[in-house]
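Coordinate inspection notes
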Amino acid sequence: AQTVTQSQPEMSVQEAETVTLSCTYDTSESDYYLFWYKQPPSRQMILVIRQEAYKQQNATENRFSVNFQKAAKSFSLKISDSQLGDAAMYFCAYRSALMSGTYKYIFGTGTRLKVLA
Amino acid sequence: EAGVAQSPRYKIIEKRQSVAFWCNPISGHATLYWYQQILGQGPKLLIQFQNNGVVDDSQLPKDRFSAERLKGVDSTLKIQPAKLEDSAVYLCASSLRDSNSPLHFGNGTRLTVT
C-alpha cells in the first residue's frame, strides 16, 4: 500500500525568505501524480502544485516549485519570497489510478507553516 | 464555475445522536469523495463514489456511518449514533475522471460531539 510521510509538523519562515517543506512516499507503482495542497484556517483545501511522475522536469507555479526525486521517492515544496498569506497547513498527496478508472488520493499528516513578519 | 458546496458549516451534537452532512459537487464531476479530517491529521478517505456507485468504502465504519449519492450528483453522509471520536472536519471533494483533473474541495463541516 502507498504511504505519504511529512516529517515536519511545523515550520517557520521569515516574510520574503524561502522555505522548503519535505515529503516522502512509498509506492511500487511507476505512474502516479503527486500534489501539494494548502489548507488555510477557512478549511478549504486549495491545490498549490502537481507533478506527474513520468515528467523529469520539476513543476513550478509562480513562487512555488517542487524538487521531485523519483528514485528517492521524495517530493519537497519550495516557497520563495514567502508572504503572510502563505501561512497554512500544507498537505502532500499521492494519487494512484484505480481499476474503476478513477483515482485514489493518500494524504500526509501535514506541515503547519508559520510566516513571521 | 461554482465550487463544491457543503452544509452545514458547523454542527454540535451529543453522543448517540444522529447527524447528516450534505455535499453538492462541481457540475459535471462524476467522482465524489468524503474525507474525515481529525484535528492535526491529514484527510482520511471514508467513501468514494463514481456517479451513483460506490468505488471504495473500505474505511467507512459501516455500523454507524452511511452515505448515498442517489442521482449521481449531490451526496449525503450520515452518522448514527455519533461517538466522541467522530469529532472532526468532514470534507467533500469532487473531480473529473480526466487524469489532469485535480481534487476540488468544499469548505468542510466541523462536527463536535459532546
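The notes below deal with the structure included here. Small disclaimer: the values here were computed from a predicted structure and weren't measured.

All names here are of chain B. Ordered by their spatial adjacency, four strands build an open sheet running β1-β3-β8-β7, and the pairing between neighbours is antiparallel. Every other strand in the sheet has two partners, leaving β1 (5–7) and β7 (65–68) as the edge strands with one partner each. On average, each strand axis in the sheet is inclined to that of its neighbour by 15 degrees, with strand direction left out of account. As paired strands, β1 and strand β3 (residues 19–24) are joined by three bridges and run antiparallel to one another. In the strand pairing of β3, A5 is matched with N24.

The next point concerns the interface of chain A and chain B. Accessible area lost during the coming together of the parts is what is often quoted as the interface size. Taken together, the contact pairs 22 residues of chain A with 29 residues of chain B. Buried surface at the junction of chain A and chain B, summed over both partners, amounts to about 2,100 Å²; 46% is from carbon and sulfur atoms. The largest per-residue losses of area from chain A upon contact with chain B belong to A:R43, A:Y103 and A:Y105, which jointly make up 31% of the total buried on that side. Run the count over chain A and chain B and you get eleven residue pairs in polar contact (both at pLDDT 80 or more). Contributing elements (two or more residues each) for the side of chain A that touches chain B: β5 (33–39), β6 (46–52), β10 (88–97) and β11 (103–107) of chain A. Taken together, the residues of the side of chain A that touches chain B sort by class into ten nonpolar, eight polar and four charged.

Reading the values: the criteria
Residues numbered from 1 in each chain as written. Chains lettered and ligands numbered in written order. Predicted model: local features only at pLDDT ≥ 70, side-chain atom pairs only at ≥ 80, totals over all residues. Heavy atoms only, no water. Pairing = 2+ DSSP bridges. Helix = DSSP H or I, 4+ residues; strand = E, 2+ residues; numbered from the N terminus. Axes fitted to C-alpha atoms, helices over the stretch in contact; angles between N-to-C directions. Contact = heavy atoms within 4.5 Å. Buried area = accessible area lost by both parts, 1.4 Å probe. Polar contact = N/O pair within 3.5 Å; in protein donor to acceptor, adjacent residues only side chain to side chain. Nonpolar A, V, L, I, M, F, W, Y, C, P; charged D, E, K, R; others polar.

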